[in-house]
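Spelled out from the first residue to the last, the chains are:
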Amino acid sequence: SQTIHQWPATLVQPVGSPLSLECTVEGTSNPNLYWYRQAAGRGLQLLFYSVGIGQISSEVPQNLSASRPQDRQFILSSKKLLLSDSGFYLCAGEGPTGAKNIQYFGAGTRLSVL
Amino acid sequence: AQSVTQLDSQVPVFEEAPVELRCNYSSSVSVYLFWYVQYPNQGLQLLLKYLSGSTLVKGINGFEAEFNKSQTSFHLRKPSVHISDTAEYFCAISSGGSYIPTFGRGTSLIVHP
């Protein structure tokens, strides 16, 4: 199985500051990667997914962007944070062939924008 | 399009009692179904999955779920819960043509002593 590393675990940022959250994958190659945001009581909102280096698909218009500079690295960014960007951010990787559609999640980053 | 409905946002139950968390889905094609568990301030981890074959699937921690195609349901059950089962549970669906899953809004299982 694969392991998803995500950091930092918590982050407090002022409104208008930039953001960079990093996610790295261990144990597989060429995974599909995902960024989700989780608001309390509202389930998981898919923000971005990537099927390969430099390939990013955005699910919802927002203040955030994503990049995949390497096969096992997925970065979530913002130039200027808004209050509404607060939430719990989860990175996930999809299982390899033989573990179809199974997602492996990182431990998450709790972002508070003040 | 596919969708997942978790009918209960919160399920309180006493320790050692049985529990069922309900999940209904909608999809026009064949589906894969999943239950994930999330403990406080952690990521999600897979409890069990249905890809094909037997409609009764067993997962970790004594949980099981039954795929019912006619009722488009995939309810999660455990015959006797523990305090440590207190967590958020998510039902998810993906279909053969797309690897992108759709998650339900989650059910908070609260086990009381």
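Residues numbered from 1 in each chain as written. Chains lettered and ligands numbered in written order. Predicted model: local features only at pLDDT ≥ 70, side-chain atom pairs only at ≥ 80, totals over all residues. Heavy atoms only, no water.

Draft legend 1. Broad picture of the overall build of chain A. Of the regular secondary structure elements, chain A holds 0 helices and 11 strands. Its helices and strands in sequence order give chain A the pattern β-β-β-β-β-β-β-β-β-β-β, from N to C terminus. Relative to a compact globule of 114 residues, whose C-alpha radius of gyration would be 13 Å, chain A shows 13 Å and is just as compact. Expressed along its principal axes, the backbone C-alpha trace of chain A runs to roughly 45 × 30 × 25 Å. Sorting the 114 residues of chain A into buried and exposed places 48% on the buried side. Pairs at least 24 apart in sequence give 54% of the contacts found in chain A among residues at least 6 apart. Accessible surface, chain A: about 5,300 Å² in total, of which carbon and sulfur atoms supply 52%. Positive and negative side-chain charges in chain A, numbering 8 and 6 respectively, have mean positions lying 7 Å apart. (Helix = DSSP H or I, 4+ residues; strand = E, 2+ residues; numbered from the N terminus. Rg over C-alpha atoms; globule rule 2.2 N^0.38 Å. Buried < 20%, exposed > 50% of the residue type's maximum accessible area, 1.4 Å probe, protein only. Contact = heavy atoms within 4.5 Å. Areas by Shrake-Rupley, 256 points an atom, 1.4 Å probe, with all protein chains shown as cover. Lys, Arg positive; Asp, Glu negative; His and termini not counted. Charge placed at Lys NZ, Arg CZ, Asp CG, Glu CD.)

Draft legend 2. Highlighting the interface of chain A and chain B. Listed per partner, the contact involves 21 residues of chain A and 21 residues of chain B. Here chain A packs against chain B, burying approximately 1,700 Å² in sum over the two surfaces, 59% of which is carbon and sulfur. Across the contact surface, chain A and chain B share 0 salt bridges. Mapped by element, the contributors of at least two residues to the side of chain A that touches chain B are β4 (33–38), β5 (44–52), β9 (87–94) and β10 (103–105) of chain A. (Buried area = accessible area lost by both parts, 1.4 Å probe. Salt bridge = Lys/Arg side-chain N within 4 Å of Asp/Glu carboxyl O.)

Draft legend 3. Main features of the packing of aromatic side chains. According to the stated counting rule, one finds 12 aromatic pairs over all chains in the structure shown. With 5.5 Å between their ring centres and 45° between their planes, F63 of chain B and Y89 of chain B make a pair best called tilted. Here F63 of chain B, found in the loop between β7 (56–58) and β8 (64–68), pairs with Y89 of chain B, found in strand β10 (residues 87–95); they are 26 residues apart in sequence, far enough to count as distant. With relative accessibility at 2%, the residue F63 of chain B sits in the buried group. The exposure class assigned to Y89 of chain B is buried, which follows from its relative accessible area of 0%. Following the ring pairs from residue to residue traces out a cluster consisting of Y34, Y36, Y49 and F105 of chain A together with F34, Y36 and F103 of chain B. (Phe/Tyr/Trp six-rings, centres within 6.5 Å; stacked < 30°, edge-to-face > 60°.)

Draft legend 4. Geometry of the pattern of salt bridges. Residue and element names in this part refer to chain B. Enumeration according to the criterion identifies 7 salt bridges over all chains in this entry. For R22, the salt bridge identified is with D8, shortest N-O distance 2.9 Å. Here the residue R22 occupies a position in the loop between β3 (19–21) and β4 (24–26), and D8 occupies one in the loop between β1 (3–5) and β2 (10–14), the gap between them amounting to 14 residues. By relative accessible area, R22 is classed as partly exposed at 33%. A salt bridge links R77 to E66, with the shortest nitrogen-to-oxygen separation between them at 3.7 Å. In this pair, R77 sits in strand β9 (residues 73–78) while E66 sits in strand β8, placing the two residues 11 residues apart along the sequence. In this structure R77 comes out as partly exposed when scored by relative accessible area, which is 28%. Its relative accessible area of 34% is what places E66 among the partly exposed residues.

Draft legend 5. Inspection of unusual backbone geometry at higher detail. A cis amide bond links W7 of chain A with the next residue in sequence, P8 of chain A, at an omega value of 0°. Within the secondary structure layout, P8 of chain A lies in the loop between β1 (3–7) and β2 (10–13). Of note in this structure, E16 of chain B is not a glycine but carries a positive phi near 75°. Position of E16 of chain B among the secondary structure elements: in the loop between β2 and β3.

Draft legend 6. Focus on the nonpolar core. If you look at the biggest cluster of nonpolar residues, it comprises 28 residues, and the most contacted ones within it are W35, L48, F74, L76 and Y89 of chain B. Among the elements of the structure, β2, β3, β5 (31–38), β6 (44–50), β8, β9, β10 and β12 (107–112) of chain B are those that each provide at least two residues to this core. Not counting residues within four places of it along the chain, the set of residues in contact with L48 of chain B comprises L33, F34, W35, V57, K58, G59, F63, E64, A65, F74 and L76 of chain B. Counting residues in each nonpolar core, the second largest holds 18 residues, with L21, L81, Y89 and C91 of chain A among its members. (Core = buried A, V, L, I, M, F, W, Y, C linked by side-chain atoms within 4.5 Å.)

Draft legend 7. Representation of the state of the cysteines in the model. Residue and element names in this part refer to chain A. Counted according to the given criterion, the structure contains 2 disulfides over all chains. Bridging C23 to C91, the disulfide has an S-S length of 2.0 Å. Between C23 and C91, the S-S torsion sits near -70°, and that sign places the bridge as left-handed. Of this pair, C23 sits in strand β3 (residues 19–26) while C91 sits in strand β9; the two residues are 68 residues apart in sequence, bridging distant segments of the chain. Exposure class is identical for C23 and C91. Each is buried. (Disulfide = S-S within 2.5 Å.)

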